[in-house]
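Commentary on secondary and tertiary structure
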Amino acid sequence: MDIQRFLHKKVMIPFVCMIFLLGYLGVGLSMGPLFLESGLSNENFIPVIIAVIGIALCISIMIDGLKEPVEAGASSSKVIGLKQVILFADFFLFIGLYKLIGFIGAAFVFTFLFMLFFDDKITAVVKKLIISAIITGFVYILYALIFGVRFN
Amino acid sequence: MDTLIQIMSGFGVVFQPINFLVTLLGFIIGLVFAIIPGLTATVAIVLLMPMTYSMTLNMGLCMVMGIYMAGMYAGSVTAITINIPGAPSSSMTGKDGYPLMQRGMGAKAIGHASFASALGGAIGVLLLILVSPIAVKAALLVKTPGKASLVLFAFITICALEGKGWKKAMLFIILGMIFSTVGMGLFNPTSRFTFGTVSLMEGIDFISVVIGAFAISEVLMQSDLSNKEYQEVSAAVKDIKIKRRDFIPTKADFKEIGLLAYMKSSLIGFFIGALPGAGGALASFVAYAEGKRGSKHPEKYGNGSLQGIACAESANNAVCGGAMVPMLAFGIPGDGVTAVVLGVLMVYGIVPGPDIMTRQLQLVSPMYAALLVSAVLMIPLSLMLFGPYYIKLVRINRIVLYSAISLIAITGAYAATSSVFQMIASAGVGVIMYFMRKEKYPAVTLILGAMLGPLFEGYFRRSLSISGNNMAVFLQPDSMAFLLLTVIFVFFLGKAQKKGASTK
């Protein structure tokens, strides 16, 4: 059996969506009957319907993906680079730091790391530190002073 | 008549100094975002959305309309000068603009693009004003089952427009609807899909989904591009010199293009804009093809035709007016930008749906005026003031730019909701969207699902409730009209797509 055909992104993405939708459907069904005794629709009525349609769509997209010819080296090609992983992590780091040290510190660290890793190579560190401070100041002024947002 | 009077009252609002300045500021922001490849007016409005909480409704609407009109136009600048459309709606402009640029007539091409955009934009708004009284009457006829069918029509139409990708589009509508089902129940005070978590009780805010889907995912998509490659592109701009006097179109040029081409393209743009999900790219493509078909010199198209530029640009800016028709009359966005604009209206408590025009027209009337003022502003601002400097924007340091955008975006999710959980949701949606967009899952459909999903659920369940769960309630005339329209639209669109595929 050609495993590569199944590990293809065109198959894996709808597969992951289908697993999610199956879970969603399970939770929806566990919420009770679709119609209440009064005859009115229950809060799980629409979720169950859309989950069923979604699962059918996922299966259909997976079948389409399986029919498509697998490009040479498609499964071994990089799904995501280190640069992107670091940038994802940077967003969640900002959220974590925001709770710990507040907006200014978190924003400075976030921006500096973002600039550092968005670039092709780690260069001009001091310049990026200075620009990070300026961006942090700008965004703080924009939100806190101009638009009156209260940061914890 | 009442409708027109209410619309006209919006002009008084826009000409108040602060609102006029905000419109101008929005226009400039829209220009900057549309000129820089990778950024769009949609991203600009998404970033602005959390800030609108601190603005008056009029200011928010004026700024958003300024961004929208400028965003539709300014993508043409890079399409002409470096053959990279700043926005998808400008793809056709580059076909004729770039050859002109290569012949040293880039300023002339930008001048014509500016004029055509201004004219198309203004015609689009005037048509919108004319159509509005009819739209109000139509909106009044739509009852609850009809509203459910209307949302269904929008969903199916948008999926049909995706052609072969309709399944992905529909899956995304469903995922968007799923986001909107998290939190408290719609009719009963029970929680749904919260797993006993307090944070999930508040639900996933629409703004968090929009910021994640459009802004954060876009930044991540841009990280795929090598900065060295981008620098090579932007270095090409360094030697481009554009003189102000070269912008002004001549009488002979206008004669060559012909008034009919402007008018026909603007009408095409307006009507395509009125179709849910169609947008500027499709409008400029159709108007360009129609312009070529009716031209005395079709051989010039693709080789520096001023008429080609005029057709594409008048059409994509006329879309602004057209896209507002379904949005204001029925609460159905005409394209991605209007979907986000509708989100801005929701920030101010304006519920999407037929009620916008029938009950809240007074509130949204400045949108008409701001859109028209933005179209008119385009000529003096582009041809006489900023034109020669537009292209320099391409040379902005993208690392600094995207860092700032990322921080504004993630902070915006907090600013709009005062919730750390919404920041997490926004970042999560952004990461998921990054993967999905790479596989051509359309972000706009996710947003539509999240935005219109609760409305569909409400209308659908309410219709069932009033009819004692009798599905025949959807056979009432208003509902049937939309269901029939859906069938007709899908049938003809399918035929058109098959024809398009066979001619390729």
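Looking now at the overall build of chain A. Along its length, chain A carries 6 helices and 0 strands. If you list the helices and strands of chain A from N to C, you get α-α-α-α-α-α. The contacts in chain A between residues at least 6 apart in sequence include a share of 50% that link residues at least 24 apart. As displayed, chain A offers around 8100 Å² of accessible surface, 72% of which is attributable to carbon and sulfur atoms.

The next thing to look at is the overall build of chain B. On a plain count of helices and strands, chain B comes out with 23 helices and 2 strands. A globule of 504 residues ought to have a C-alpha radius of gyration of about 23 Å, and chain B, at 22 Å, matches this closely. Overall size of chain B, expressed as C-alpha extent along the three principal axes, is 70 × 50 × 45 Å. When burial is assessed residue by residue, chain B has 62% of its 504 residues classed as buried. Taking the intrachain contacts of chain B between residues at least 6 apart in sequence as the baseline, contacts between residues at least 24 apart amount to 79%. Of the roughly 18400 Å² of accessible surface on chain B, a fraction of 67% belongs to carbon and sulfur atoms.

What follows concerns the interface of chain A and chain B. Facing the 62 residues of chain A at the interface are 67 residues of chain B. Surface buried jointly by chain A and chain B totals about 5500 Å² across both partners, of which 76% is contributed by carbon and sulfur atoms. Summed over the shared surface of chain A and chain B, the result is 5 salt bridges. Two residues, E43(A) and R192(B), come together in a salt bridge whose shortest N-O distance is 3.5 Å.

Taken together, the side chains of L7(A), M12(A), F15(A), V16(A), I19(A) and L22(A) present a nonpolar region at the surface, about 520 Å² in accessible area. Checked against the element boundaries, F15(A) lands in helix α2 (residues 9–30).

All names here are of chain B. Packing of helix α2 (residues 17–35) against helix α19 (residues 366–390) leaves a shortest axis separation of 10 Å and a crossing angle of 55 degrees. If you check the angle between α2 and α19, you find them oblique. Relative to α19, the crossing made by α2 is right-handed. On the side of α2, the interface is formed by F20, T23, L24, F27, I28, L31 and I35, while α19 contributes A370, V373, S374, L377, M378, L381, F386 and Y390. A class-by-class count of the residues in the contact of α2 with α19 yields 13 nonpolar, 2 polar and no charged.

To continue, consider the packing of aromatic side chains. In total, this model carries 33 aromatic pairs over all chains according to the counting rule given. Consider the rings of F15(B) and F20(B), whose centres lie 6.1 Å apart with planes at 20 degrees: the pair is stacked. Residue classification places F20(B) among the partly exposed positions, given a relative accessible area of 27%. Taking the centre distance of 5.4 Å and the plane angle of 85 degrees together, the rings of F270(B) and F271(B) count as edge-to-face. Classification of F270(B) as buried rests on a relative accessible area of 2%. A network of ring pairs unites the aromatic residues F91(A), F94(A), Y98(A), F103(A), F110(A), F114(A), F118(A), Y140(A), F151(A), Y402(B) and Y414(B) as a single cluster. Looking at K83(A), its charged tip hangs above the ring of F118(A), at a distance of 5.6 Å from the centre. Over the aromatic face of Y441(B) sits the side chain of K168(B), whose NZ or CZ is 5.2 Å from the ring centroid.

Here the focus is the pattern of salt bridges. The tally for this structure, following the rule as stated, stands at 15 salt bridges over all chains. Residue D64(A) is joined to K167(B) by a salt bridge in which the shortest nitrogen-to-oxygen separation is 2.7 Å. Note that D64(A) is positioned in helix α3 (residues 45–67) and K167(B) in helix α8 (residues 166–181), a pairing that runs across two chains. Given the relative accessible area of 16%, K167(B) is considered buried. Taken together, the salt bridges that share partners define one network made up of E43(A), R192(B), E457(B) and R461(B).

With 224 residues, the main nonpolar core has F94(A), Y68(B) and M367(B) as its most contacted residues. The contacts of F94(A), once residues within four sequence positions are left out, are F103(A), A106(A), A107(A), F110(A), L407(B), I410(B), T411(B) and M423(B).

This paragraph deals with the side chain of T157(B). On the secondary structure map, T157(B) appears in helix α7 (residues 144–161). For T157(B), a relative accessible area of 1% puts it in the buried group.

As a further point, take unusual backbone geometry. For A124(A), which is not a glycine, the phi torsion comes out positive at approximately 45 degrees. Locating A124(A) in the fold gives a position in the loop between α5 (103–118) and α6 (125–146). Non-glycine residue N469(B) carries a positive phi angle of around 60 degrees. Along the chain, N469(B) turns up in the loop between α22 (443–466) and α23 (477–503). In this structure N469(B) comes out as partly exposed when scored by relative accessible area, which is 30%.

Now for the environment of F11(B). All names here are of chain B. With respect to the helices, strands and loops of the structure, F11 is situated in helix α1 (residues 2–14). By relative accessible area, which is 17% here, F11 ends up buried. Apart from the residues within four sequence positions on either side, F11 is in contact with I129, A369 and L372.

With that settled, the discussion passes to the packing of α1(B) against α19(B). Residue and element names in this part refer to chain B. For the pair α1 and α19, the least separation of the axes is 7 Å and the interaxial angle reads 60 degrees. The way α1 lies across α19 gives a crossing that is right-handed. Along the contact surface, α1 presents I7, G10, F11, V13 and V14, while α19 presents P366, Y368, A369, A370, L372 and V373. Grouping the amino acids of the contact of α1 with α19 by side-chain chemistry returns 10 nonpolar, 1 polar and no charged.

We now examine helix α15 (residues 306–330) of chain B. All names here are of chain B. Helix length check: α15, at 25 residues, gives a terminal C-alpha distance of 37 Å against a target of 36 Å (1.5 Å per residue), a fit within 8%. Along its length, α15 shows its largest kink, about 30 degrees, at C320. The buried fraction of α15 amounts to 25 of the 25 residues, a majority that puts the element mostly inside the structure. Backbone geometry just downstream of α15 places G331 in the positive-phi region, at approximately 75 degrees.

This part covers the state of the cysteines. All names here are of chain B. Counting across every chain of the model gives 0 disulfides over all chains. Free cysteine C311: the closest other cysteine sulfur is in C320, separated by 17 Å. According to the relative accessible area criterion, C311 is buried, its value standing at 1%. Cysteine C320 remains unbridged, with the sulfur of C62 as its closest cysteine sulfur at 15 Å. When its relative accessible area of 0% is taken as the criterion, C320 is described as buried.

On average, residues of chain B score 86 in pLDDT, and 97% of them reach the 70 mark or higher. Mean pLDDT values for the elements of chain B range from 72 in helix α11 (residues 227–238) of chain B up to 93 in α8(B).

What counts, and at which threshold
- Residues numbered from 1 in each chain as written.
- Chains lettered and ligands numbered in written order.
- Predicted model: local features only at pLDDT ≥ 70, side-chain atom pairs only at ≥ 80, totals over all residues.
- Heavy atoms only, no water.
- Helix = DSSP H or I, 4+ residues; strand = E, 2+ residues; numbered from the N terminus.
- Contact = heavy atoms within 4.5 Å.
- Areas by Shrake-Rupley, 256 points an atom, 1.4 Å probe, with all protein chains shown as cover.
- Rg over C-alpha atoms; globule rule 2.2 N^0.38 Å.
- Buried < 20%, exposed > 50% of the residue type's maximum accessible area, 1.4 Å probe, protein only.
- Buried area = accessible area lost by both parts, 1.4 Å probe.
- Salt bridge = Lys/Arg side-chain N within 4 Å of Asp/Glu carboxyl O.
- Patch = residues over 30% accessible without salt bridge, like charges linked within 9 Å, V, L, I, M, F, W, Y side chains within 5 Å.
- Axes fitted to C-alpha atoms, helices over the stretch in contact; angles between N-to-C directions.
- Parallel < 35°, antiparallel > 145°, perpendicular 65-115°, else oblique.
- Left-handed = near helix turned anticlockwise from the far one by under 90°.
- Nonpolar A, V, L, I, M, F, W, Y, C, P; charged D, E, K, R; others polar.
- Phe/Tyr/Trp six-rings, centres within 6.5 Å; stacked < 30°, edge-to-face > 60°.
- Lys NZ or Arg CZ within 6 Å of the ring centre and 35° of its normal.
- Core = buried A, V, L, I, M, F, W, Y, C linked by side-chain atoms within 4.5 Å.
- Expected span 1.5 Å × (residues − 1).
- Bend = angle between axes of the 7 residues up to and from the residue.
- Disulfide = S-S within 2.5 Å.
- pLDDT = per-residue confidence, 0-100.

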